[in-house]
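Here are the chains, one letter per residue:
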Amino acid sequence: MKPLIFPVLAAFSLLAAPLQAQQEQPVVVELFTSQGCSSCPDADAMLAELAEREDIIALALHVDYWDYIGWEDPFGDPAHAERQRGYAAVGGRRSVYTPELIVQGQTDIVGAKPMKLMDAVERHAEAAPQVALTVARSGAAVEITADPLAKGVGPMQVHMLRYSPMERTKVTRGENAGHVMEHSNVVQGWQVLADWDGAAPLSLRAEAEGDLPVVVIVQRKEQGGPGAILAAARAK
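Note that the structure is a prediction, hence the values are computed from the model and not measured. Throughout, residues of each chain are indexed from 1 in the direction in which the sequence is written. Since the coordinates come from a predicted model, pLDDT governs what is reported: local features require at least 70, and pairs of side-chain atoms require 80 or more to be given and counted, while whole-chain, interface and lining totals use all residues. Where side-chain values are given, they derive from all heavy atoms of the structure, hydrogens and water being excluded.

## Digging into the pairing of strand β3 (residues 100-103)
Working step 1: Three exposure classes are used, based on accessible area relative to the maximum for each residue type with a 1.4 Å probe and protein chains only: buried under 20%, partly exposed in between, and exposed over 50%. Numbered from the N terminus, helices here are DSSP runs of H or I no shorter than four residues, and strands are runs of E no shorter than two. What you see with β3 is no split at all: E100 and I102 on one side and L101 and V103 on the other are buried throughout.
Working step 2: Any two strands with at least two DSSP bridges between them are considered paired. Here strand β1 (residues 27-33) runs beside β3; their pairing, made up of four bridges, is antiparallel. Bridging from a neighbouring strand, L31 pairs with L101 of β3.
Working step 3: Pairing between β3 and strand β4 (residues 107-110): four bridges, direction antiparallel.

Pasting the structure below:
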């Protein structure tokens, strides 16, 4: 097993390296995970590395469909599982699983595979932006403006969510019993603010009480579920 140590460390070091592409917007990486899944801790650790970066918005969406095996994930949300099923429907996949990473709403990756993940992130970072998005926050007020940079980018939806930068839980039952699990950027309060056809600039005002960071995502709306993420911005 010893010869595997250096390749693994080298692969995970990719997560800390800056992107080569001169991107104008961060790339969104969604991790569908669960405290009831014994295969998830490595992917959770990967997301923790990405959470330190400004050029990537890393989001942990805890699902609830593993709760039946003995441990109820306190961050599990059926809406997260529904979003994951929507991605599967749009992508032509028949099932959902954890851990699964979705990069920029388009590329799905099974499990903790840092090299494959960063290849996908680099590829999406190189894509020309299709929507210009700005998010400004003053207290609880969030001001959002979006401008189309290309024709025919709609229909789209504007999403807003909050995340907790770090959560720790002692798991006492299920596949991860006896472990203290740490999770970065745990998503909560995901909501759709508006539908947008992209024919004209968009201006929105939303409320976000408290100190948790705010993320706004502009995402193509496909039949059956969410599509490509066209723009994203964060306000801390």
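Still more to cover.
## Observations concerning the sheet that holds strand β9 (residues 202-207)
Working step 1: Here we have three strands laid out as an open sheet, ordered β5-β6-β9, and antiparallel in their pairing. Pairing within the sheet leaves two strands with one partner each, and these edge strands are β5 (131-138) and β9. Adjacent strand axes in the sheet meet at a mean angle of 15°, parallel and antiparallel pairs treated alike.
Working step 2: Strand direction decides the pairing type here: β5 and strand β6 (residues 141-148), joined by eight bridges, are antiparallel. Residue pairing for β6: T134 is matched across the bridge by T145. Each axis is a line fitted through C-alpha atoms, taken for helices only over the stretch in contact, and angles between the N-to-C directions span 0 to 180 degrees.

## Let's talk about the side chain of T33
Working step 1: Its place among the elements puts T33 in strand β1.
Working step 2: The contact criterion used throughout is that any non-hydrogen atoms of two residues lie within 4.5 Å. Non-local contacts of T33, meaning those with residues more than four positions away in its chain, are made with C40, D44, L61, H62, V63 and T98.

## A few points about the packing of aromatic side chains
Working step 1: We call Phe, Tyr and Trp rings a pair once their centres come within 6.5 Å, taking the six-membered ring for Trp, and we label the pair stacked below 30 degrees between planes, edge-to-face above 60, and tilted otherwise. Scanning all chains against the criterion turns up three aromatic pairs.
Working step 2: One aromatic cluster is present, formed by Y65, W66 and Y68 through successive ring pairs.

## Quick word on the pattern of salt bridges
Working step 1: The term salt bridge refers to a pairing of a side-chain nitrogen on Lys or Arg with a carboxyl oxygen on Asp or Glu at a separation within 4 Å. Summed over all chains, the structure comprises 12 salt bridges.
Working step 2: Its salt-bridge partner being R234, residue E54 comes within 4.0 Å of it at the nearest N-O pair. Note that E54 is positioned in the loop between α2 (41-50) and β2 (56-62) and R234 in strand β11 (residues 225-235), a separation of 180 residues in sequence.
Working step 3: A salt bridge links R220 to E222; the nearest nitrogen and oxygen atoms lie 3.9 Å apart.

## As for helix α3 (residues 78-91)
Working step 1: By definition here, a helix of n residues has an expected span of 1.5 Å times n minus one. End to end, α3 covers 20 Å across 14 residues, agreeing with the expected 20 Å (1.5 Å per residue, within 8%).
Working step 2: Taken as a whole, α3 has its buried residues at H80, A81, R83, Q84, G86, Y87 and A88.
Working step 3: Identification of polar contacts relies on pairs of N or O atoms within 3.5 Å, with a donor-acceptor requirement for protein atoms, meaning one able to donate a hydrogen and the other able to accept it, and with residues adjacent in sequence counted only if both atoms are side-chain atoms. Where α3 begins, one side-chain oxygen reaches toward the backbone nitrogen of A79, 2.8 Å away; that side chain belongs to D77.
Working step 4: In the segment just after α3, G92 is the residue with positive phi, at about 75°.

## Examining the nonpolar core
Working step 1: Among buried residues, those of type Ala, Val, Leu, Ile, Met, Phe, Trp, Tyr and Cys that are joined through side-chain atoms within 4.5 Å constitute a nonpolar core. Counting 24 residues, the largest nonpolar core has V131, L133, V216 and V218 as the members making the most contacts within it.
Working step 2: Within the residue set of this core, elements represented by two or more residues are β5, β6, β7 (156-170), β8 (180-196), β9, β10 (214-222) and β11.
Working step 3: The biggest single contributor to this core is β11, with five residues.
Working step 4: With near-sequence residues (within four places) excluded, L133 lies in contact with Q25, I144, T145, A146, V216, V218, A231, A232 and A233.
Working step 5: Counting 18 residues, the second largest nonpolar core, distinct from the first, contains A43, A58, V103 and M118.

## Topic: the confidence of the model for the protein
Reading fine detail from the predicted coordinates is not recommended where pLDDT is low.
Working step 1: Within a predicted model, pLDDT stands for the predictor's per-residue confidence, ranging from 0 to 100. In the predicted model, the protein carries a mean pLDDT of 92, and the fraction of residues at 70 or more is 90%.
Working step 2: Under a pLDDT of 50 for its full length, residues 1-10 has, in the predicted model, zero contacts with residues more than four places off or in other chains.

## As for the environment of E49
Working step 1: For E49, the location among the structural elements is in helix α2.
Working step 2: Of the residues examined, E49 reaches a relative accessible area of 38% and is grouped as partly exposed.
Working step 3: Spatially, the C-alpha atoms of E49 and S184 are 8.9 Å apart, while their sequence positions differ by 135 residues.

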